[in-house]
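# An overview of the molecular structure
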Amino acid sequence: MKLLVSACLLGCRCRYDGAAKPHPAMEALAERHTLVPVCPEQLGGLSTPRPPAERQGDRVVTERGADVTEQYCRGAAEAAHLCTLLGCQAAVLKERSPSCGKGQVYDGTFSRTLTDGNGVTADLLAEMGIPVYGESQVEELLK
């Protein structure tokens, strides 16, 4: 199966803080599936590193109050385009991210408080009928 995967989970230093979040099961996942790395935030035109951002309803704002919703939506659309163009059947995305988060995201207060919800890209892919998994669910794809 072809999987769209958050590039940071594959070791790419594309997170907001310039770091990566490599996941130990990605190598096993790559042995069974074709992985297509993406960073929707970079695809949307944001730099790395970049100010931290969180979802506030339908908007995404930085800690200093800058509205970056347009960049997050553009990045989500680009990731969705790649998903469709390359025939990805599912996505494995970085949990808690305002772009890739699956199931829970930070609540927009910058207090490290989680709330139920998805990131902008996870929402768009799910609306398209693409199954979205967070990195804690990778084992399901290894069965």
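Given the structure is predicted, the values throughout are model-derived calculations rather than measurements.

To continue, consider helix 4 (residues 120–127). For helix 4, the complete set of buried residues consists of V120, T121, A122 and L125. Where helix 4 ends, the next residue or the one after it, G129, has phi of about 85°, a positive value.

Where helix 3 (residues 69–85) meets helix 4, the closest approach of the two axes is 9 Å, and the angle between their N-to-C directions is 40°. In terms of orientation, helix 3 lies oblique with respect to helix 4. Along this stretch, helix 3 crosses helix 4, giving a crossing that reads as right-handed. For the pair helix 3 and helix 4, contact is made by Y72, C73, G75, A76, A77, A79, A80 and C83 and by V120, T121, L124 and L125, respectively.

Relative to the helices and strands, S6 is located in strand 1 (residues 2–6). Note on S6: relative accessible area 2%, which makes it buried. Apart from the residues lying within four places of it in its own chain, the contact partners of S6 are V38, V92, L93, K94 and C100.

Before going further, it helps to examine the pattern of salt bridges. A full pass over the atoms with the stated rule returns seven salt bridges. Between R50 and E41 there is a salt bridge, with the nearest N and O atoms lying 2.7 Å from each other. Residue class for R50 comes out buried when judged on its relative accessible area of 7%. Taking the shortest distance from any N to any O, the salt bridge between E135 and K94 comes out at 2.7 Å. With E135 in the segment after strand 8 (132–134) and K94 in the loop between strand 5 (90–93) and strand 6 (104–106), this residue pair connects regions lying 41 residues apart in the sequence. In terms of burial, E135 and K94 fall into one category: buried.

Analysis parameters
- Residues numbered from 1 in each chain as written.
- Predicted model: local features only at pLDDT ≥ 70, side-chain atom pairs only at ≥ 80, totals over all residues.
- Heavy atoms only, no water.
- Buried < 20%, exposed > 50% of the residue type's maximum accessible area, 1.4 Å probe, protein only.
- Helix = DSSP H or I, 4+ residues; strand = E, 2+ residues; numbered from the N terminus.
- Axes fitted to C-alpha atoms, helices over the stretch in contact; angles between N-to-C directions.
- Parallel < 35°, antiparallel > 145°, perpendicular 65-115°, else oblique.
- Left-handed = near helix turned anticlockwise from the far one by under 90°.
- Contact = heavy atoms within 4.5 Å.
- Salt bridge = Lys/Arg side-chain N within 4 Å of Asp/Glu carboxyl O.

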